[in-house]
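Chain and residue survey
The chain contents come next:
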Amino acid sequence: MNEELINHPDLLLKEKPKKYGSFILLMFILLIIYLLNQKITTTINVQGIVKEINGYKLVLYIPYQNVVNLNYSKLLIENESYNYKIKKINSELIQIDSLNIQEVIVEVDLKEDWQINNLILGTKIIKGEEKVYQKLWNDLKERE
């Protein structure tokens, strides 16, 4: 039968679709399960400025509503992960383009090249890591 299918592929269409349909459905289900189990990282893009305050610290300007979500202790600077500690959260709000921004001073182990006063670094704060199905479920719960 295999040689016949190779020589005459139109016979495949005449075959019972049960065998091939089940296999394709199984592969599709396995692909969906694999994709839903992938980890994703949720980040916040912020500007960071290096300041010399008792050593070099990173001053982050974070939207007010996201300051509450700083419970995860990692951030990305130039696609490298760093641990940080919050030293001070300024209670005064800065308003830029109708967006309330709060100044947060964090202590990070900066590279020698970055220890320059007023150096601007593109920074991403990692809010959390979760699997795709967890993210979808949490988004559905938030809408209710």
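First, a word on scope: everything that follows refers to the structure included in this document.

**A few points about the pairing of strand 6 (residues 120-131)**
Pairing of strand 1 (residues 39-52) with strand 6, which is carried by eleven bridges, proceeds in the antiparallel orientation. Following the sheet pairing, Ile-40 is matched in strand 6 by Glu-130. When strand 3 (residues 74-77) meets strand 6, the two strands line up antiparallel, connected through three bridges. Bridge pairing in strand 6 places Leu-76 opposite Lys-124.

**Side note on the packing of aromatic side chains**
Two measures describe an aromatic ring pair: the distance that separates the ring centres and the angle between the ring planes. Across all of its chains, the model carries one aromatic pair by this definition. Centre to centre, the rings of Tyr-82 and Trp-114 are 5.9 Å apart; their planes meet at 65°, and the pair counts as edge-to-face. Pair noted here: Tyr-82 is in strand 4 (residues 80-96) and Trp-114 is in the loop between strand 5 (99-108) and strand 6, with a separation of 32 residues, a long-range link. We classify Tyr-82 as buried; its relative accessible area is 12%. Overall, the relative accessible area of 6% leaves Trp-114 in the buried class.

What counts and how
Residues numbered from 1 in each chain as written. Predicted model: local features only at pLDDT ≥ 70, side-chain atom pairs only at ≥ 80, totals over all residues. Heavy atoms only, no water. Pairing = 2+ DSSP bridges. Helix = DSSP H or I, 4+ residues; strand = E, 2+ residues; numbered from the N terminus. Phe/Tyr/Trp six-rings, centres within 6.5 Å; stacked < 30°, edge-to-face > 60°. Buried < 20%, exposed > 50% of the residue type's maximum accessible area, 1.4 Å probe, protein only.

Interpretation note: all reported values are geometric properties and have no functional meaning in isolation.
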